[in-house]
Each structure stands twice: as C-alpha cells, then as structure tokens.
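Close look at the chain arrangement
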Amino acid sequence: MADPGPSPTARAEISHGSVGAAGADPPRAGRPPIPKAELHVHIEGTLEAELALLLAGRNGISLPYQDAKDLRRAYEFSSLQSFLDLYYATMAVLCTEQDFADLASEYLERASAQGVRHAEIFFDPQAHAERGIGLARVIDGLWSVLGSSEQTHGISTALIMCFLRERGPAAAMASLEAALPFRDRIIAVGLDGAEVGHPPAAFSDVFDRARAEGFRCVAHAGEEGPPSYIWDSLDRLRVSRIDHGVRCVEDAALVARLRDEQTPLTVCPLSNLRLGVVTELARHPLPRMIEAGLAVTVNSDDPAYFGGYIDDNYGLLQAVLGMTDPQLRTMAEASFRAAFLADEARARHLDALAGWPDG
Ligand code: HPA
Ligand code: ZN
C-alpha cells in the first residue's frame, strides 16, 4: 500500500492553512475520538494527492502536476462544479482492482484513527464505466478490502452506488441494471453530481426500480440546490436520508417536516466551506438545524480535497461553532441511528458511544 501521506491536520496546513479561527486541531487531546458512523463519504473523494500520483505512475497516466504539493494547490474551489471537474479528472488514475483496493485501505486507516466504527461509502460507477472500467473491477477491488474491514480495522462497511444526476435518468437506469449482479455488496443507491439544473424528480422511476430490487435510497439534495429538491427527494424518490440538506433552513415548512419525520441529514461542514455553500464556518446553519430538532449527522464528503476527515469536522464544530460535548454525542448517536445497521450492531455502537469519556 502507498504511504498514507501527511496526517489530516498537517494536510490541512499544507493545502489551505488554518481552516478556521481556532485551526483544525480538535481541543480534545488525550481522549480517543468520539465513536461515530460515517454516512456521507465518496471513496473517490478520499484519493489523497500522494496516492493519485503514485497510481498515475503505476498506470502510465499523466497528470498535469509536478508533485503532491502542486496537485493540492489546485484544491481551490468556487462551487460544486469547480470541484467536480477536478474530482472526475483525478479519479482517472483509478484503473485496476489493486488501485481500488489501495484507495479503500487508505480510507480505512484514516477512518479508524478518526473514531469511525461503521461507514456507508459512496462510489460513482458511471464515472468509471465511461473510462472503460467496469463495475466488477471497481467492486471487486473495493470489496477485497472492505469485505474484511471489521476484522482488520474494527469498522463495518457498506457500499452505496450513486447515479450522476447530470447524466440523466436513462443512464442511471442502465447503471442500476448493470449493478444487479452485485446487489449483495451494495446496500443502497444515491444521487450525486452537479445538483443545480438537475432536479431529483426526473429520477423517480430509477429510484422506484431500485427500491423494488431491495436497495435503500438516499440522495444529495439542498447542497447548492433549492429546498424544492429536498421536498422532491422525500416525496418522489422516497429517500430515507438526505445528503447535505443544509438549504432546508430556508423553508420553515420543510424544517418542520424533516423534524417531525426525523429524516436524517448527512451534513458535511468542511465540504460546505470549501465549495462556497457557506462563506465561513462560523455562519454554518448546523447549529440552527440542531436547535430546530433535526436529525443531523456530521460527515466528511470528499476529505482528501476538503482538508479534513470526519473527526476533523467534529473538532471544528467545537473549535469554531462552540459546540459542546453533549451536542457532539447527540450527532454521533444520530449517525448510528441513521445507519443501515442491524439492531444488535446499532445497540453495540451506542454502548461504545455511551462509554466515550467526558472531556
Ligand atoms: N455533491 C455532489 N456530488 C458529489 C459531491 C458532493 O458534495 N462529492 C462528490 N460527488
Ligand atoms: Zn457528497
């Protein structure tokens, strides 16, 4: 396996400098990271610059960067689309089963250091298929590592295949059908990619079919897109979680619905900062969402690109937004409650959380 590169904190300094007034270091030295589930992480978004360059060399692919530092200099995003352009271009180095296995190994190493006990991991089959990399190679590579993650890292894992919304519903349906032979290794379907201009309702047949085939359903909505995309994800796609969802705060009736139904929201604060969804972390709507009684979870999204993994996000909420230990416990608890876990495993994780020491 490739060298995992600098620690998340060092990486944040290298790539972006301090990420907030109080910096990226969680003020919880001496305590283990809070036990948590990660419900919103794109495996391709965990591709660190060092591994990207190593794989480029291994596969004879040229990337227009001298070294990792040079590549990280490109991590200045003005919008979701500006990120997606680099994200799709860089994932072109992922070619072989071994590449996907190495990617998953590095994620597990970091996730375990960040207190993750269970991870539901997105991947983007369409972005690989268009490069001639079929689903078998992607899933066999990822699963060669994730299939034993509980034994190797104490982290249970599940895969969520995403449809790229900018490719439209027909391509999504074809991707779903191609995935049916691998259904035993895919727990859910999701919807990601460029949000604005690609409303969820167009995908209702695809999600109906996915549900009929036994998949759970989630969707990115209300990251850059309007509250109506969240309404439609609930009503037309009938999802059991909303990924991001931060723009719900613009619609009081929607907030009331999300609260009444306790629909989990997988919020990604550093992602929102890096993609310009919020201008500064201090203005993030997360405290208002918690205040409103929403089922908020904290996640990393594309941590290699956004300057921090999941516990770095938790730490920043304390450092920048002044969130308290009981509030962090509530969000970690929400993550286990929102996970697609069996009751016995959920109870075990909640016990571990209850045993997390007070600071
Ligand atoms: N939004 C939409 N699509 C994505 C994201 C995101 O934050 N990350 C990777 N694909
Ligand atoms: Zn995402």
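These remarks concern the structure in this document.

Procedures and definitions
- Residues numbered from 1 in each chain as written.
- Chains lettered and ligands numbered in written order.
- Predicted model: local features only at pLDDT ≥ 70, side-chain atom pairs only at ≥ 80, totals over all residues.
- Helix = DSSP H or I, 4+ residues; strand = E, 2+ residues; numbered from the N terminus.
- Rg over C-alpha atoms; globule rule 2.2 N^0.38 Å.
- Buried ≥ 20, exposed ≤ 12 C-beta atoms within 10 Å, placed from the backbone.
- Near = placed C-beta within 6 Å.
- Nonpolar A, V, L, I, M, F, W, Y, C, P; charged D, E, K, R; others polar.
- Contact = placed C-beta atoms within 7 Å.
- Pairing = 2+ DSSP bridges.
- Expected span 1.5 Å × (residues − 1).
- Axes fitted to C-alpha atoms, helices over the stretch in contact; angles between N-to-C directions.
- Parallel < 35°, antiparallel > 145°, perpendicular 65-115°, else oblique.
- Left-handed = near helix turned anticlockwise from the far one by under 90°.

Scanning the protein from terminus to terminus reveals 18 helices and eight strands. A globule of 359 residues ought to have a C-alpha radius of gyration of about 21 Å, and the protein, at 19 Å, matches this closely. The principal-axis extent of the C-alpha atoms belonging to the protein is close to 50 × 45 × 40 Å. The burial tally for the protein puts 52% of its 359 residues in the buried class.

What follows deals with unusual backbone geometry. One non-glycine residue with positive phi stands out, namely R238, at about 55°. Position of R238 relative to the elements: it lies in the loop between α11 (227-235) and β6 (241-244). Of the residues examined, R238 has 13 C-beta atoms within 10 Å and is grouped as partly exposed. A positive phi angle, close to 50°, is found at Q262, a residue other than glycine. On the secondary structure map, Q262 appears in the loop between α12 (252-261) and β7 (264-267). Since 12 C-beta atoms lie within 10 Å of it, Q262 is described here as exposed.

Before going further, it helps to examine the site of ligand 1. Taken together, H42, G45, L80, Y87, D192, G193, H220, E223, S271, D301 and D302 make up the full set of residues near ligand 1. When its residues are assigned to classes, the shell around ligand 1 shows two nonpolar, five polar and four charged.

Inspection of the secondary structure puts F123 in strand β2 (residues 116-123). Among the residues examined, F123 registers 25 C-beta atoms within 10 Å and is labelled buried. C-alpha separation for the pair F123 and G45, spaced 78 residues apart in sequence, amounts to 9.1 Å. Once residues lying within four places of it in the same chain are set aside, the contact partners of F123 are I43, E44, V138, L142, L159, M161 and C162.

Turning our attention to the pairing of strand β1 (residues 36-42). Most of β1 is tucked away, with seven of its seven residues classed as buried. Looking at chain direction, β1 and β2 are connected through five bridges and run parallel. Residue pairing in the sheet places V41 in a bridge with I121 of β2.

This part is about helix α5 (residues 97-113). Taking 1.5 Å of rise per residue, 17 residues should cover 24 Å, and α5 covers 25 Å from first to last C-alpha, within 8% of that figure. Regarding α5, the residues found buried are D99, F100, D102, L103, A104, S105, E106, Y107, L108, R110 and A111. Backbone geometry just after α5 places G115 at a positive phi near 80°.

A few words now on the environment of L47. Locating L47 in the fold gives a position in the loop between β1 and α2 (49-59). Exposure remark for L47: the 25 C-beta atoms within 10 Å place this residue in the buried category. Remark: the alpha-carbon pair of L47 and R238, spanning 191 residues in sequence, is separated by 31 Å. Those residues in contact with L47, other than ones at most four positions away along the chain, are A52, T90, M91, L103 and A304.

Turning our eyes to something else, we now look at the packing of helix α9 (residues 168-179) against helix α10 (residues 204-212). Remark: α9 packs on α10, axes separated minimally by 9 Å, with the N-to-C direction vectors making an angle of 15°. As the angle between them shows, α9 and α10 are arranged roughly parallel. Between α9 and α10 lies a crossing whose hand is left-handed. Judged by residue contacts, P169, A172, M173 and L176 of α9 engage D205, V206, R209 and A210 from α10. For the contact of α9 with α10, the class distribution of residues is six nonpolar, no polar and two charged.

So, about the packing of α5 against helix α7 (residues 135-146). Helix-helix packing is characterised by the crossing angle of the two axes and by the distance between the axes. Where α5 meets α7, the closest approach of the two axes is 7 Å, and the angle between their N-to-C directions is 40°. As far as their axial angle goes, α7 and α5 are oblique. The hand of the α5/α7 crossing is right-handed. Contacts between α5 and α7 involve E97, Q98, D99, F100, A101, A104, S105 and L108 from the first element and R137, V138, D140, G141, L142, S144, V145 and L146 from the second.

The values are spatial; any link to function lies outside them.
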